[in-house]
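# Chains, contacts and geometry: an overview
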Protein chains: 2
Amino acid sequence: MSRFIRHGLRWTRQYSSVGQKDIDHFRTILPPHAILTTLPPYNTQPDELDPYNNDWMQKYHGRATTVLKPKTTRQVSDIVRWCDSREIPIVPQGGNTGLVGGSVPLRDELVVSLANMNSVRSFDPVSGILVADAGCILQSLTDYVSPHNHIMPVDLGAKGSCHIGGNVATNAGGLRLLRYGSLHGSVLGLEVVLPDGTILDQLTSLRKDNTGYDLKQLFIGAEGTLGIITAVSILTAPSPQASNNVILALPHFDNVLPLYRAVKRQLSEILSAFEYIDRTAYELAVKHGQGRALADEDVAGAACFVLLETSGGRREHDEEKLNDLLTSLLEADKPLITTGVLSQNPAQFSSLWALREGVTEAVSKEGKAYKYDVSVPLASFQHVVDATREHLRSKGLLGEHSVKHVMGYGHVGDGNLHLNICATAYTQEIQDALEPFVYELVSSYHGSISAEHGIGAMKTHALHYSKSETSIAWMKKIKALFDPRGIMNPGKVLE
Amino acid sequence: MSRFIRHGLRWTRQYSSVGQKDIDHFRTILPPHAILTTLPPYNTQPDELDPYNNDWMQKYHGRATTVLKPKTTRQVSDIVRWCDSREIPIVPQGGNTGLVGGSVPLRDELVVSLANMNSVRSFDPVSGILVADAGCILQSLTDYVSPHNHIMPVDLGAKGSCHIGGNVATNAGGLRLLRYGSLHGSVLGLEVVLPDGTILDQLTSLRKDNTGYDLKQLFIGAEGTLGIITAVSILTAPSPQASNNVILALPHFDNVLPLYRAVKRQLSEILSAFEYIDRTAYELAVKHGQGRALADEDVAGAACFVLLETSGGRREHDEEKLNDLLTSLLEADKPLITTGVLSQNPAQFSSLWALREGVTEAVSKEGKAYKYDVSVPLASFQHVVDATREHLRSKGLLGEHSVKHVMGYGHVGDGNLHLNICATAYTQEIQDALEPFVYELVSSYHGSISAEHGIGAMKTHALHYSKSETSIAWMKKIKALFDPRGIMNPGKVLE
């Protein structure tokens with residue numbers, strides 16, 4: 001039976017903490033090296049648990065005493081079954097690279113790390129279907145399929161440490177979504193340990209299977225609140241044989257949409273990225289040494305920039321298409337761009353990307369970042385940034401000693417805007433000026449308050465800005481169906 | 001409360017039939033022309049209901065007295081709410097083009113036809129996102145987005161009559177899946193009337209939205225058993241500017257896989273179809289005048305054929321790539337193909353496709369067809385066909401007066417084989433020889449007994465060949481959660 005205690009004004013579920021009896025039981029399931037605990041007989045030093053208790057931004061902090069690192073699905077199942085019977089809450093943890101505190105304990109939950117489940121189970125180079133343990137690091141899977149001329153359908157900055165299981169659990173978006181679509185399409189099957197310990201094996205390696213409800217979809221993006229993903233079957237894509245990129249400077253934001261339309265029409269199937277950076281973000285990236293700065297004459301008069309990438313089968317064909325595109329753009333009666341700089345070699349290719357990918361790091365170097373990851377109609381990107389800046393100005397918060405920069409960048413092709421506010425410090429005043437202002441602004445565009453980062457612990461209170469009451473009520477019914485005791489990643493996604 | 005009656009050896013749920021009181025209530029919701037019923041005051045002729053009570057193959061037959069054709073989501077909701085209170089079972093019906101009896105009543109259920117909900121709600125030519133009523137015919141949506149240089153991400157033979165709502169409800173696969181992926185990826189949002197009448201509005205027109213559980217996925221492929229899809233938000237793709245095709249003749253089935261690998265490597269992103277036809281299927285298509293027969297010298301020594309399609313941005317580029325491919329295939333030391341015939345103009349392009357698409361019609365003309373739509377590993381395609389033929393032979397059923405042909409064709413790129421058995425008549429003996437033999441054979445390859453056609457009424461008893469007990473148990477829990485009274489398309493998907 002569930003127990004509840006009075007907590008402030010709300011009734012909060014009372015969970016069990018991991019105790020000696022639990023450690024004794026876990027020792028029957030796992031070898032000693034797979035158990036990290038500050039409890040006897042292991043008495044691990046608390047700081048050894050820091051990487052599991054804290055996120056990389058040092059924003060979320062848990063107090064777990066125990067971390068388990070199973071190697072097999074059966075072990076995960078045995079652990080979960082025990083926790084279910086004891087009402088011990090569990091935080092499933094992958095690479096712990098999330099941005100919303102979804103993979104860190106809120107209190108002293110048990111952390112189940114998938115890091116030791118890191119084997120490739122199978123790969124079929126004909127179909128491109130890869131079956132891998134959830135704890136496989138994304139980059140290692142990329143390396144695994146690369147000699148077979150395939151690439152993973154998902155790519156993100158954290159690829160060197162994030163796990164494929166975490167990618168799926170958070171429905172990671174990233175840089176290849178425009179080309180390869182979302183994980184809801186490319187994930188073919190999952191193996192999941194449900195909150196009662198049952199192993200749900202839907203690890204099909206079939207491209208097509210229309211036999212009943214597609215249950216696995218529920219776990220994609222559920223952030224570990226409905227069960228622990230232990231293995232993933234995913235469709236990898238044939239590697240493009242050639243990639244090119246170009247950065248375009250635009251005199252007005254208003255030109256971005258007509259440009260996107262022209263580019264889609266002319267590049268069609270070889271367009272693999274269409275990324276937006278406003279002038280503020282560009283200058284910050286350059287200031288902090290990210291990527292390749294353009295020549296002064298290329299930047300003059302530019303309000304914003306677009307980074308285009310093509311991935312195709314033949315370099316000469318793609319270059320020809322890109323050149324034709326640039327010519328037609330520059331020779332138009334009313335040119336949409338002021339200039340375009342094409343990368344000429346792999347080093348230039350990387351340094352153009354570094355300009356776009358380096359914005360995040362530049363913002364961190366410049367000050368404290370308030371980050372919003374939203375979906376809004378493409379046409380409203382600039383307005384969201386401008387309205388936020390004006391709102392901060394009206395509150396007297398804009399200036400060298402408070403909010404230094406407000407900027408926008410992101411995946412135009414996906415309607416995904418990263419709105420970043422860079423300040424000298426984290427303050428309650430700025431926070432209060434930003435929320436719920438930003439969420440209400442996004443909601444007024446019927447946008448999403450989390451395009452790709454998820455809800456985690458950070459945005460549970462704001463879910464209603466993006467989802468109707470009916471939708472949230474049904475999410476809660478699904479949660480209660482799968483996890484009636486609420487032991488699976490409590491406090492994440494749903495309040 | 002639900003009532004049950006003893007039915008044979010099982011307890012079967014007792015539903016209400018539509019009665020006078022119900023018609024009177026429906027008249028408060030709908031105008032007279034939206035109500036077809038054999039009951040007073042309308043007294044529709046029973047044969048007017050034939051198109052709603054029977055499927056196009058004339059295999060499934062219902063006895064519905066009443067068909068309702070709402071125009072708005074609110075009307076659908078009002079109808080469902082009433083039926084829920086009265087425990088009247090409902091069959092949601094789109095274009096009624098399915099192959100497994102999923103959209104036809106089994107008894108005298110109420111048919112709710114979506115045919116009058118046929119408006120496009122919005123289309124954004126920049127993002128390519130289309131929002132349409134569920135009753136829009138697929139071809140009409142293709143025509144709608146075509147002037148904006150977009151195409152629907154799904155295409156199938158029934159496009160002239162199937163509805164987009166039905167496509168989504170059955171998770172239709174079709175001819176473009178290899179290129180554009182499954183509907184789980186391209187459907188961005190749904191509006192659904194749940195079995196209690198609640199309208200679940202998840203009709204987002206955002207490409208990315210990571211805010212909680214992706215509930216809409218449950219309705220994709222649920223075949224109307226969890227609710228009625230009333231509108232769909234879907235990502236359309238930029239139209240390819242050029243399409244080419246070629247038919248290749250192969251001396252052995254064993255060459256299909258190496259060929260597929262070589263083609264994927266050389267054509268990469270422009271490959272849009274890789275379809276397989278065995279010699280039997282080819283000859284039947286030619287015999288019945290489907291498509292363009294190859295010259296005798298091209299067919300000599302061919303065990304099977306592959307139809308390749310490319311869709312790219314520039315005709316000359318794609319032709320160059322195709323020519324290079326053919327040259328390298330034919331000049332290899334051990335050529336994988338004996339010959340290849342490239343279409344030279346739109347008429348030839350269509351007639352090559354007609355060879356592949358015409359197999360279905362040719363089979364119908366030749367005799368009575370037993371059709372299996374399965375997913376199996378690519379390497380086992382021929383073995384599944386051969387083993388089935390041998391099994392029928394061992395039962396003495398192969399010959400001019402019983403089973404005339406056993407053949408395989410389908411979407412190699414998707415691992416989807418259409419196994420067709422063509423006989424002089426439908427007989428119990430052939431049926432018993434085929435089932436469970438075929439299902440067991442597919443199951444031995446960990447395949448799917450329904451790659452794209454769904455379960456419907458036809459395969460509920462065979463679901464366990466493709467799904468584990470645990471999976472089926474969870475499907476039932478989901479069904480009970482959404483539809484506790486079981487009024488929504490009863491007897492479909494789950495027994």
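Cut-off values and rules
- Residues numbered from 1 in each chain as written.
- Chains lettered and ligands numbered in written order.
- Predicted model: local features only at pLDDT ≥ 70, side-chain atom pairs only at ≥ 80, totals over all residues.
- Heavy atoms only, no water.
- UniProt positions renumbered as here; feature names shortened; annotations may be inferred.
- Helix = DSSP H or I, 4+ residues; strand = E, 2+ residues; numbered from the N terminus.
- Rg over C-alpha atoms; globule rule 2.2 N^0.38 Å.
- Buried < 20%, exposed > 50% of the residue type's maximum accessible area, 1.4 Å probe, protein only.
- Contact = heavy atoms within 4.5 Å.
- Areas by Shrake-Rupley, 256 points an atom, 1.4 Å probe, with all protein chains shown as cover.
- Lys, Arg positive; Asp, Glu negative; His and termini not counted.
- Charge placed at Lys NZ, Arg CZ, Asp CG, Glu CD.
- Expected span 1.5 Å × (residues − 1).
- Polar contact = N/O pair within 3.5 Å; in protein donor to acceptor, adjacent residues only side chain to side chain.
- Salt bridge = Lys/Arg side-chain N within 4 Å of Asp/Glu carboxyl O.
- Pairing = 2+ DSSP bridges.
- Axes fitted to C-alpha atoms, helices over the stretch in contact; angles between N-to-C directions.
- Least-squares fit on C-alpha atoms with pLDDT ≥ 70 in both.
- Parallel < 35°, antiparallel > 145°, perpendicular 65-115°, else oblique.
- Left-handed = near helix turned anticlockwise from the far one by under 90°.
- Nonpolar A, V, L, I, M, F, W, Y, C, P; charged D, E, K, R; others polar.
- Buried area = accessible area lost by both parts, 1.4 Å probe.
- Disulfide = S-S within 2.5 Å.
- Phe/Tyr/Trp six-rings, centres within 6.5 Å; stacked < 30°, edge-to-face > 60°.
- Lys NZ or Arg CZ within 6 Å of the ring centre and 35° of its normal.
- pLDDT = per-residue confidence, 0-100.

Chain A is annotated in an unreviewed UniProt entry as FAD-binding domain-containing protein of Mycena pura. Recorded under Catalytic activity (unreviewed entry), the UniProt text for chain A is reproduced unchanged: "(R)-lactate + 2 Fe(III)-[cytochrome c] = 2 Fe(II)-[cytochrome c] + pyruvate + 2 H(+)". Among the UniProt annotations of chain A, the heading Cofactor (unreviewed entry) holds the following wording: "FAD".

This next bit is on the overall build of chain A. Counting its secondary structure elements, chain A contains 18 helices and 20 strands. In summary, chain A has a C-alpha radius of gyration of 24 Å against a globular reference of 23 Å for 495 residues, a match within 12%. The buried share of chain A, reckoned over its 495 residues, is 61%. For chain A, long-range pairs separated by at least 24 residues make up 72% of all intrachain contacts whose partners lie at least 6 apart in sequence. Carbon and sulfur atoms make up 51% of the accessible area of chain A, which totals about 18300 Å². One finds the centroid of the 46 positive side-chain charges in chain A at a distance of 5 Å from the centroid of its 53 negative side-chain charges.

Residue and element names in this part refer to chain A. An ideal rise of 1.5 Å per residue puts 16 Å on 12 residues; helix H13 (residues 346–357) measures up with 16 Å between its terminal C-alpha atoms. Taken together, the buried positions of H13 are occupied by Phe349, Ser351, Leu352, Trp353, Leu355 and Arg356. At the N-terminal end of H13, a side-chain oxygen is found 3.1 Å from the backbone nitrogen of Ala347, two or three residues along, and the residue is Asn345.

Tallied over the full model, the rule gives 40 salt bridges over all chains. A:Asp209 is paired through a salt bridge with B:Lys467; the nearest N and O atoms lie 3.1 Å apart. Here A:Asp209, found in the loop between strand E11 (199–202) and helix H8 (216–219), pairs with B:Lys467, found in the loop between helix H17 (437–444) and helix H18 (469–482), and the two come from separate chains. In this structure, B:Glu191 engages B:Arg121 in a salt bridge whose closest nitrogen and oxygen atoms are separated by 3.1 Å. Of the two residues, B:Glu191 is situated in strand E10 (residues 187–193) and B:Arg121 in strand E7 (residues 120–124); the sequence distance between them amounts to 70 residues. When its relative accessible area of 36% is taken as the criterion, B:Arg121 is described as partly exposed. Each of A:Arg121, A:Asp133 and A:Glu191 takes part in one network of salt bridges that share partners.

Our focus in this paragraph is the sheet that holds strand E14 (residues 242–250) of chain A. Across a sheet, strands are paired by hydrogen bonds formed along the backbone, either parallel or antiparallel in direction. All names here are of chain A. Across the sheet, which stays open at both edges, the 7 strands sit in the order E17-E14-E16-E15-E19-E20-E18 with antiparallel pairing between neighbours. Strands with a single pairing partner mark the edges of an open sheet, and in this sheet they are strand E17 (339–342) and strand E18 (368–375). The mean angle between the axes of side-by-side strands here comes to 15 degrees, regardless of whether they run parallel or antiparallel. Strand direction decides the pairing type here: E14 and strand E16 (residues 304–312), joined by 9 bridges, are antiparallel. By the bridge assignment, Ala249 is partnered in E16 with Phe305. Strands in contact with helix H9 (residues 256–267) are E14, strand E15 (271–278) and E16; relative to E15, the strand with the most contacts, it is inclined by about 165 degrees. Its contacts with the sheet place H13 against E14, E15, E16, E17, strand E19 (403–411) and strand E20 (416–423), and it is angled at close to 50 degrees to E14.

Now for the UniProt feature "domain: FAD-binding PCMH-type" (unreviewed entry) in chain A. Within this structure's numbering, the places UniProt gives as "domain: FAD-binding PCMH-type" (unreviewed entry) are residues 60–239 of chain A. The distance separating the terminal C-alpha atoms of residues 60–239 of chain A is 38 Å; by composition the span is 22% helix and 24% strand.

Next up on the list: unusual backbone geometry. With the exception of glycine, most residues fall at negative phi, and the peptide bonds are largely trans. All names here are of chain A. Pro40 connects to Pro41 through a cis peptide bond whose omega is 0 degrees. For Pro41, the location among the structural elements is in the loop between strand E3 (35–37) and helix H2 (50–53). With a phi close to 50 degrees, Asn43 is a non-glycine residue in the positive phi region. Along the chain, the position of Asn43 falls in the loop between E3 and H2. Within the chain, Asn96 stands out as a residue other than glycine whose phi angle is a positive 55 degrees. When you line up the elements, Asn96 lands in the loop between strand E5 (90–93) and strand E6 (110–113). Take Asn96: its relative accessible area is 9%, and that puts it in the buried class.

The two copies are related by a screw motion: chain A maps onto chain B through a turn of 180 degrees and a shift of 0.0 Å along the axis, at an RMSD of 0.0 Å. The superposition of one copy onto the other is thereby described by a two-fold rotation axis. Among all C-alpha atoms of chain A, that of A:Gly185 lies closest to the rotation axis, at 2.0 Å. A share of 98% of interface residues in chain A that are also interface residues in chain B marks the association as one of identical surfaces.

Let us now look at the packing of helix H18 (residues 469–482) of chain A against H18(B). Angle between the axes and distance between the axes are the two parameters that describe a pair of packed helices. Here H18(A) crosses H18(B) at 140 degrees, and the two axes come no closer than 11 Å. Considering the angle they form, H18(A) stands oblique to H18(B). Here H18(A) and H18(B) pass one another in a crossing that is right-handed. Only B:Trp474, B:Lys477, B:Ile478, B:Leu481 and B:Phe482 of H18(B) make contact with H18(A), whose side of the interface consists of A:Trp474, A:Lys477, A:Ile478, A:Leu481 and A:Phe482. Across the contact of H18(A) with H18(B), the residue classes tally to 8 nonpolar, no polar and 2 charged.

Looking now at the sheet that holds E3(A). All names here are of chain A. Spatial ordering of the open sheet is given by E3-E4-E6-E5, a layout of 4 strands whose pairing is mixed. Each having just a single partner strand, E3 and E5 make up the two edges of the open sheet. Adjacent strand axes in the sheet meet at a mean angle of 20 degrees, parallel and antiparallel pairs treated alike. Where E3 and strand E4 (residues 66–68) come together, 3 bridges link them in antiparallel fashion. Each residue of the ladder has a partner; that of Thr37, found in E4, is Thr66. Sheet strands in contact with helix H3 (residues 73–86) are E4, E5 and E6, and its direction is about 165 degrees off that of E6.

Another point: the interface of chain A and chain B. In many analyses, interface size is given as the accessible surface area lost on bringing the parts together. Each side of the interface is counted separately: chain A has 90 residues, and chain B has 88 residues. Note on chain A versus chain B: buried area summed over both sides is about 7000 Å², and carbon and sulfur give 57% of it. A per-residue breakdown of the area chain A buries against chain B is headed by A:Lys208, A:Asn210 and A:Tyr213, which together make up 15% of the total. Linking chain A with chain B are 10 salt bridges, by the criterion used here. A salt bridge links B:Lys208 to A:Glu452; its shortest N-O distance comes to 2.6 Å. Inspection of the region where chain A meets chain B yields 43 residue pairs in polar contact (both at pLDDT 80 or more). If you list the elements that add at least two residues to the side of chain A that touches chain B, you get helix H6 (177–180), helix H7 (183–186), E11, H8, H9, E16, helix H12 (315–330) and H18 of chain A. Sorting elements by how many residues they give to the side of chain A that touches chain B places H18(A) first, with 9 residues. Of the residues belonging to the side of chain A that touches chain B, the class tally is 31 nonpolar, 40 polar and 19 charged.

Moving on, we come to the state of the cysteines. A covalent bond between the sulfur atoms of two cysteines is referred to as a disulfide. All names here are of chain A. Using the criterion set out here, one finds 0 disulfides over all chains in the structure. Lacking any disulfide linkage, Cys136 is separated from the closest cysteine sulfur, that of Cys162, by 12 Å. Of the residues examined, Cys136 reaches a relative accessible area of 2% and is grouped as buried.

Take the environment of B:Leu294 next. All names here are of chain B. Residue placement: Leu294 occurs in the loop between helix H10 (279–287) and helix H11 (296–299). Residue classification places Leu294 among the buried residues on the basis of a relative accessible area of 10%. As a C-alpha pair, Leu294 and Gly340 span 46 residues in sequence and 9.8 Å in three-dimensional space. Beyond its immediate chain neighbours, meaning those up to four positions away, Leu294 contacts Ile247, Tyr282, Val299, Phe305 and Val341.

What follows concerns the packing of aromatic side chains. For any pair of aromatic rings, the description consists of the separation of the ring centres together with the inter-plane angle of the planes. A complete count under the given rule lists 20 aromatic pairs over all chains for this structure. What links up through ring pairs into an aromatic cluster is the set A:Phe219, A:Phe482 and B:Trp474. Over the aromatic face of A:Trp474 sits the side chain of A:Lys477, whose NZ or CZ is 4.1 Å from the ring centroid.

The next thing to look at is the confidence of the model for chain A. All names here are of chain A. When pLDDT is averaged across chain A, the result is 92; 97% of the residues are at 70 or more. Every residue in residues 1–11 is under pLDDT 50, and counting partners more than four places away or in other chains gives 19 contacts. Two numbers describe this predicted complex: its pTM, 0.93, and its ipTM, 0.93.

Right, let's get into the pairing of E20(A). Residues and elements named next belong to chain A. Counting buried positions along E20 gives 8 out of 8 residues, so the element sits mostly inside the fold. Side chains Asn416, His418, Asn420 and Cys422 project from E20 onto one buried face, and the interleaved Leu417, Leu419, Ile421 and Ala423 project onto a second face that is buried too. Sheet topology note: the E18/E20 ladder contains 8 bridges and is antiparallel. Each bridged residue has a counterpart across the sheet, and for Ser375 the counterpart in E20 is Asn416. Direction of pairing for E19 relative to E20: antiparallel, over a ladder of 8 bridges. Within E20, the position partnered with Tyr409 by the bridge is His418. The antiparallel hairpin formed by E19 and E20 contains 4 residues in its connecting segment, where Gly415 sits at a positive phi of about 70 degrees.

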